[in-house]
There are 2 protein chains.
Amino acid sequence: MPVSDNHARMANAIRFLSADAVEKANSGHPGLPMRAADIATVLYTRFLKHDPHHPHWPDRDRFVLSAGHGSMLLYALLYLTGYEDITIGEIEKFRQLGSKTAGHPEYGHAAGIETTTGPLGQGLANAVGMAMAERIMNARFGDDLVGHYTYVLAGDGCLMEGISQEAIALAGHLKLSRLIVLFDDNGISIDGPISLSDSTDQCARFEASGWHVQRCDGHDADAIARAIEAAQASDKPSMIACKTTIGFGAPTRAGSSKAHGSPLGAEEIAGARKALGWDAKPFVVPSDILDLWRLAGLRSAKERKEWEARLAAASGEIRTEFERRMRGELPGGFESAIADYKKKLAAEKPKLATRKSSENALEVINAAIPETIGGSADLTGSNNTKTSQTTPFSADDYAGRYVYYGIREHGMAAAMNGMALHGGIIPYGGTFLVFTDYCRPSIRLSALMGLRVIYVMTHDSIGLGEDGPTHQPVEHMAALRTIPNLRVYRPADAVETAECWQLALEDTTGPSVLALTRQNLPAVRTEHVEENLCGFGAYELETASDDAVVTIFATGSEIEIALAARKKLEANGHPTRVVSVPSMERFAMQTRQYRTAMIGNAPIRVAIEAGIRQPWDALIGPDGIFVGMSGFGASGKYEELYAHFGITADAVLKAVEERLHEAA
Amino acid sequence: MPVSDNHARMANAIRFLSADAVEKANSGHPGLPMRAADIATVLYTRFLKHDPHHPHWPDRDRFVLSAGHGSMLLYALLYLTGYEDITIGEIEKFRQLGSKTAGHPEYGHAAGIETTTGPLGQGLANAVGMAMAERIMNARFGDDLVGHYTYVLAGDGCLMEGISQEAIALAGHLKLSRLIVLFDDNGISIDGPISLSDSTDQCARFEASGWHVQRCDGHDADAIARAIEAAQASDKPSMIACKTTIGFGAPTRAGSSKAHGSPLGAEEIAGARKALGWDAKPFVVPSDILDLWRLAGLRSAKERKEWEARLAAASGEIRTEFERRMRGELPGGFESAIADYKKKLAAEKPKLATRKSSENALEVINAAIPETIGGSADLTGSNNTKTSQTTPFSADDYAGRYVYYGIREHGMAAAMNGMALHGGIIPYGGTFLVFTDYCRPSIRLSALMGLRVIYVMTHDSIGLGEDGPTHQPVEHMAALRTIPNLRVYRPADAVETAECWQLALEDTTGPSVLALTRQNLPAVRTEHVEENLCGFGAYELETASDDAVVTIFATGSEIEIALAARKKLEANGHPTRVVSVPSMERFAMQTRQYRTAMIGNAPIRVAIEAGIRQPWDALIGPDGIFVGMSGFGASGKYEELYAHFGITADAVLKAVEERLHEAA
């Protein structure tokens, strides 16, 4: 019996696993799995190229449940098709502490969860990055090794979020024809009918950005299948608006927002069982249906084996390189290239903006690491993110290594997450530090998922000058340091910039932000050391001439001020040491012994950073002296701004001597 | 001679004031003013209803320069039409510290600057809020007092940002026919031609969201005028795509991204002078041209006088109410309504989630204050933002007081900024606290502009339970506290919630965030006090039985834990006081004496908050005990999560006793 004849029963298996799991958890969203079960069944039984027994097969199709609140749909699919991580026991533990079946799909909890979703629109934008990565890897490794689709199931919520526009426009522009979005067009959101808040013709909107668009009945399996076939044949990214009924099958709640975000209740579920002819008990899938599902799970096994044979048959160079990149290991020559470069910098002592030092470091990095893919949200010349190796990535040339993301910080960050998730690529992208606010939800997800994504954030303080307070980050260093598992770096010169880049690249457990200056800075690391001192997070840059009375902590552009202040303090007889703090997160990872030694026991502690105080109390204490910002910046020449806001060596001297005077 | 005959010379006055100011500052963006001068000249000489000598006339048309980097365009217009704040001296001081002519238009620096722009897309989204406010005020006060247009000049950057989609979709849905967007369609961004990064048909995109769309030659004054007339006549919001040439007039840089963001240089400006026939020296506008501009500035003076006559003739009740609302003063009965409500709560001692307490407070507030306009980004039932008074605001009923913003946190926040800027309205809107990330750029602008916008942010910790780490704020309290001039409140019970609402409403100098729980909390303020204790930011909720050995600071849902910990500590013989800290910002505003007293001198300081430690070091010092989160949350029942992450009274007891043991 062909699978399609059993379509309805197979889809019902998803529906009741989902409704019963939500019911048992007494928490969750039954609406999406109930209505999207038909779409998902068609996709997983007829199209999706994957192998549940080899879930990490690099050339599998990616499926992204952008509407992450419908997580049970994904868990049901993974269980039914035979992914071993998701057992029926896990489904019974839906939304319980310690289970793999969290409230929203969490990347890393189980194979088959391709990305963490829940914050709306992110999955769709991740998928754009995955589809970009597929083309990038295809351009490098050819059709034999790379050629897959990226499918997305997105809801109204995803499409109403602004990030969706950035993602849609980028995908349309790049003609990502292997990206197929299934729009669960159910006409309902939490507050009620979509007509309460939206009148957008989504199909017309996608068409305006160069997409191939179709509409179909989301409960007609063959219609869905025909639409996916047409989407695959198109030379544009595709959107299929699948008209669905929320809470499909639920006798009284179907078509109402009441079927969205809370359990249906025993009576409603019983009614749905009757209406849909489903006799099985909760968490039981009749064996004939489960067999059909498991058989469907084996659909691509042959294809996977053929792919493995092709990989085995590829040239050693290609195979080794492909496998290295997919493992996320850096190439052999990288470490020595950076070491040589650092040696050169210590000798040359360049006076450069750290954004320029970053570009120079990237010249070395991009030559040594072919998998870096750079870009900027329309600030290429300001972020200094493009190097000689990175020709544009475009619909005409997927071999390019530089993405002109347009003025789309959020879409850029989410696409970088998608590229990192896909594997084989190390994405980095730039904007102004102040605009980390525009992509903060995606930065948070980089951190939550532990992805190696590198944010190149220039113009990192009032030092950018005339653009004024809207463009001057003041609270951003502090605010970024609050995000768990994010490494924030603010290097002080060319050597520190190179070291921070190295740390970011070698760190496979989370994202990094590099905060870089617009203005020139002197070289402060003028003697070569092999060790990556920035790796300690904080280290002594200048010792005191005697037992230190003052310790000055500073970062980035304020190291210059710290060194000048030290000179004045020493001249006035106050032995002073200077500690550079390129990364508070790295510092927090050091031993207690190291940290205690580095904080030292000078009676006066000072911190200088052209941002707010909040993160510095941990180092200097509430009684420490902070020289920095306490409010928004202003428009003017940067030297005048530093003087205006009192971030100067003289201000440090004065504050310290006042304190000494008080103590005396 | 009719003004239009002089159109070209009047437009050139804008062009050369702008190019020369950028040149003198050696910083800034000449491109936009050069190319958009024709559009701006048509708007300001033929359409804009304003009176430079009465710049705060409530019924003036609003003009928003969403492409804020083109600030010189606005400054030139304000100078030319006769706004006294912007003198030629100010224009000569363009981008200098202390001038009114900052790098980007800064609200409050000079009359005629309707909003702060620069972060792209924000101005467009503010304008949607202004246009909503206009309709809301019109529904209340009638055509005699309220009836104006909101004009926006937006560039490619604004339209590529995701926030623009949220704004466009909202405006289209609400049929804001008095909103007219002039799209400066110049085909160039910083990185080069738009074709590098975008292929979107912007006209089709706006049409998909229900807009009236036209195209015109952005250098043909009459064509622009005809398009604006047609836009005014439309019953939808209008977008006019004005085809322009970047750096119009600049002989070699026209049409290139080189004309965007840096001074043209003396030679290029000389060439432009020649090409456009402009003989005047820098910062000199020929007197006949200046006269024409000043005359144009008087165009609406008669209309303003007539409006004033109508206001004077209106009934006393209407006039008084209109003037009160435009002054931003709360109505007389509010204070006593809140006082009565607090008294009732102290007696009833309700055990409620603070989101529910917020709803109850809003019932009182919305009854007493007719100018509140509520809403939610599709989480009405979760944020508890709708009360009995607030019927839906829709295209069919602009008298409604509740906005279904859809899943558009960013668009909501920016629209609220626009409403607050317009005047006559106090906007509040809700989403989950974690999604402050989605609207953070607009929250920052609320703070930078000092606007009374109230963010109702529920589900404020792991206490939300099963939705898991994507929905659980961990770093958000800390991250919001980093934003200058933003007041962050986390009330502990119904009384504190009412007090925080009162503070937010009475605060005309900046925005407030209310962080509210999903889970129920006991009443902790069980005795009525007239004074608003939350106004102190921190206050002693429970005294110690003797000289305090321990002080516990806590907020919101963790007050319950603090009180339970105090009991255990007291039982074990450790006198313990509990300080509630509903607002760190308010606390920082108190006298040093108050702050010192409140921090106290107990040898052990503890802070409890289900978020990260960063902001707490200021109160407890690096040696203080912090009981809270150090990483992301998890999906599970909230009681289990609190136990799992060790945020319990027992954990506090244990940590304190270990410390006492160490010290002994």
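Just so you know, these numbers come straight off a predicted model, no measurement behind them. (Residues numbered from 1 in each chain as written. Chains lettered and ligands numbered in written order. Predicted model: local features only at pLDDT ≥ 70, side-chain atom pairs only at ≥ 80, totals over all residues. Heavy atoms only, no water.)

### Concerning the pairing of strand β17 (residues 550-554) of chain B
Residue and element names in this part refer to chain B. Test applied: A 1.4 Å probe rolled over the protein chains alone gives each residue an accessible area, and that area as a share of the maximum for its type sets the label: buried under 20%, exposed over 50%, partly exposed in between. Starting at the N terminus, helices and strands are each numbered in turn, a helix being any DSSP run of H or I of at least four residues and a strand any DSSP run of E of at least two. Any two strands with at least two DSSP bridges between them are considered paired. Handedness rule for crossovers: strands pointing away from the viewer, path from the first strand over the helix to the second running clockwise, crossover right-handed.
Among the five residues that make up β17, five are buried, leaving the element largely enclosed by the rest of the structure. The two faces of β17 match: Val550, Ile552 and Ala554 on one face and Thr551 and Phe553 on the other face are all buried. Where β17 meets strand β18 (residues 576-580), five bridges bridge the pair, whose relative direction is parallel. Paired with Ala554 across the strands is Ser580, a residue of β18. For the crossover that starts at β17, traverses helix α21 (residues 558-571) and ends in the parallel β18, the hand is right-handed.

### What about the UniProt feature "binding site: Mg(2+)" (unreviewed entry) in chain A?
Residues and elements named next belong to chain A. The line we're drawing: UniProt positions are given in the numbering used here, feature names are shortened, and annotations may be inferred rather than shown by experiment. Contacts are assigned to residue pairs that have any heavy atoms within 4.5 Å of one another.
UniProt's entry tags Asp156, Asn186 and Ile188 with the feature "binding site: Mg(2+)" (unreviewed entry), counted in the numbering of this structure. These residues run over 33 residues, yet every pair of their C-alpha atoms falls within 7.9 Å of each other. Counting through the fold element by element, Asn186 comes out in the loop between β3 (179-185) and β4 (188-189). Once residues lying within four places of it in the same chain are set aside, the contact partners of Asn186 are Arg35, Asp156, Thr244 and Ile246. Mapped onto the fold, Ile188 is located in strand β4. Those residues in contact with Ile188, other than ones at most four positions away along the chain, are Asp156, Pro193, Ile194, Ile246, Gly255, Ser256 and Ser257.

### Here's the deal with the interface of chain A and chain B
This is how the line gets drawn: Defined in terms of a 1.4 Å probe, buried area is the accessible area two parts forfeit on being brought together, summed over both. A side-chain nitrogen of Lys or Arg and a carboxyl oxygen of Asp or Glu constitute a salt bridge if their distance falls within 4 Å. Pairing of N or O atoms within 3.5 Å defines a polar contact, subject to two protein rules: one partner must be a possible hydrogen donor and the other a possible acceptor, and residues neighboring in sequence count only if both atoms are side-chain atoms.
The interface of chain A with chain B comprises 95 residues on the first partner and 94 residues on the second. Both sides together, the interface formed by chain A and chain B hides about 7,600 Å², and carbon and sulfur atoms give 56% of it. When the buried surface of chain A facing chain B is broken down by residue, Leu97(A), Tyr438(A) and Arg444(A) rank first, second and third, together holding 10% of it. For the pair chain A and chain B, the number of links is eight salt bridges. In this structure, the salt-bridge partner of Asp437(B) is Arg440(A), at a minimum N-O distance of 3.1 Å. Joining chain A to chain B, the criterion identifies 53 residue pairs in polar contact (both at pLDDT 80 or more). Considering every element that reaches the side of chain A that touches chain B, the biggest residue donor is helix α18 (residues 436-449) of chain A, with eight residues.

### What to know about unusual backbone geometry
Positive phi is not limited to glycine here, since Asn26(A) has a value of about 55°. Relative to the helices and strands, Asn26(A) is located in the loop between α1 (7-25) and α2 (31-47). Its identity is not glycine, yet Lys175(B) carries a phi of approximately 50°, on the positive side. Within the element layout of this structure, Lys175(B) appears in the loop between α7 (162-173) and β3 (179-185).

### A word on the sheet that holds strand β16 (residues 539-542) of chain A
Strands pair in a sheet through their backbones, by hydrogen bonds, and they do so in one of two ways: parallel or antiparallel. Residues and elements named next belong to chain A. Filter applied, for reference: For helices, the axis comes from a line fit to the C-alpha atoms of the stretch in contact; other axes are also lines fit to C-alpha atoms, and the angle between any two N-to-C directions lies between 0 and 180 degrees.
Judged by pairing direction, the sheet is mixed, and its five strands sit side by side in the order β16-β18-β17-β19-β20 without closing on themselves. Two strands lie at the open edges of the sheet, namely β16 and β20 (625-628), each paired on one side alone. Shown here is a sheet whose adjacent strand axes are inclined to one another by a mean of 25°, direction ignored. Of the pairings in the sheet, the one linking strand β19 (residues 604-609) to β20 comprises four bridges and is parallel in character. Residue pairing across strands places Ile608 opposite Val627, the latter belonging to β20. Sitting on the sheet, helix α23 (residues 592-599) touches β16, β17 (550-554), β18 (576-580) and β19, and the angle it makes with β18 is about 135°.

### Comments concerning the relation of the copies chain A and chain B
Rules: In superposing the copies, a least-squares fit is computed on C-alpha atoms, taking residues whose pLDDT is at least 70 in both.
Mapping chain A onto chain B calls for a rotation angle of 180° and an axial translation of 0.0 Å; the resulting RMSD is 0.0 Å. Seen this way, the second copy is the image of the first under a two-fold rotation axis. The position closest to the rotation axis in chain A is occupied by the C-alpha of Gly162(A), lying 1.9 Å away. Of the interface residues in chain A, 99% have counterparts in chain B that sit at the interface too, so the contact is made through matching surfaces.

### As for the pairing of β3(B)
Residue and element names in this part refer to chain B. Most of β3 sits inside the fold, with seven of its seven residues counted as buried. Across the two faces of β3 the burial is the same, with Leu179, Val181, Phe183 and Asp185 and Ile180, Leu182 and Asp184 all buried. Sheet analysis places strand β2 (residues 150-154) next to β3, joined by five bridges and oriented parallel. Its bridge partner being in β3, Ala154 is matched across the sheet by Phe183.

### A look at the UniProt feature "active site" (unreviewed entry) in chain A
All names here are of chain A. Cross-referencing UniProt, the feature "active site" (unreviewed entry) maps to Glu409 in the present numbering. Locating Glu409 in the fold gives a position in helix α17 (residues 409-422). The class for Glu409 is buried, based on a relative accessible area of 3%.

### Focus on the packing of helix α5 (residues 122-141) of chain A against helix α13 (residues 316-327) of chain A
All names here are of chain A. What counts is decided by this rule: Between 65 and 115 degrees an angle is taken as roughly perpendicular, under 35 as roughly parallel, over 145 as roughly antiparallel, and anywhere else as oblique. What makes a crossing left-handed is the near helix being turned counterclockwise from the far one by less than a right angle; a clockwise turn instead makes it right-handed. Lys, Arg, Asp and Glu make up the charged group, whereas Ala, Val, Leu, Ile, Met, Phe, Trp, Tyr, Cys and Pro make up the nonpolar group; the residues left over, Gly among them, are polar.
Contact pair α5 / α13: the axes reach a minimum separation of 11 Å and the direction vectors enclose 160°. Taken together, α5 and α13 sit at an angle that is classed as roughly antiparallel. Judged by the twist between their axes, the crossing of α5 over α13 is right-handed. Contact residues: α5 offers Met137, Arg140 and Phe141, while α13 offers Glu317, Ile318, Glu321, Phe322, Arg325 and Met326. Of the residues that constitute the contact of α5 with α13, the class distribution is five nonpolar, no polar and four charged.

### Observations regarding the pattern of salt bridges
For the structure shown, the criterion picks out 79 salt bridges over all chains. Across the pair Arg408(B) and Asp198(A) runs a salt bridge, and its minimum N-O distance is 2.7 Å. Placement of Arg408(B) in the loop between β10 (402-404) and α17 (409-422) and of Asp198(A) in the loop between β5 (192-193) and α8 (202-208) is noted, with the two residues assigned to different chains. Residues Arg408(B) and Asp198(A) agree in their burial class; the two are buried. Taking the shortest distance from any N to any O, the salt bridge between Glu540(A) and Arg577(A) comes out at 2.4 Å. Here the residue Glu540(A) occupies a position in strand β16, and Arg577(A) occupies one in strand β18, the gap between them amounting to 37 residues.

### Considering the sheet that holds strand β1 (residues 62-65) of chain A
Residues and elements named next belong to chain A. Taking strand neighbours across the sheet as the criterion, the five strands line up as β1-β2-β3-β7-β6 in an open arrangement whose pairing is parallel. Taken across any chain shown, the strands that pair with only one partner, and hence form the sheet edges, are β1 and β6 (212-217). Mean inter-strand twist for the sheet, computed between neighbouring axes without regard to direction, equals 15°. Bridge analysis of β6 against strand β7 (residues 238-243) gives six bridges, and the strand direction is parallel. Looking across to β7, one finds that Cys216 is bridged to Cys242. Seen against the sheet, α5 touches β1, β2 (150-154) and β3 and runs at an angle of roughly 170° to β2.

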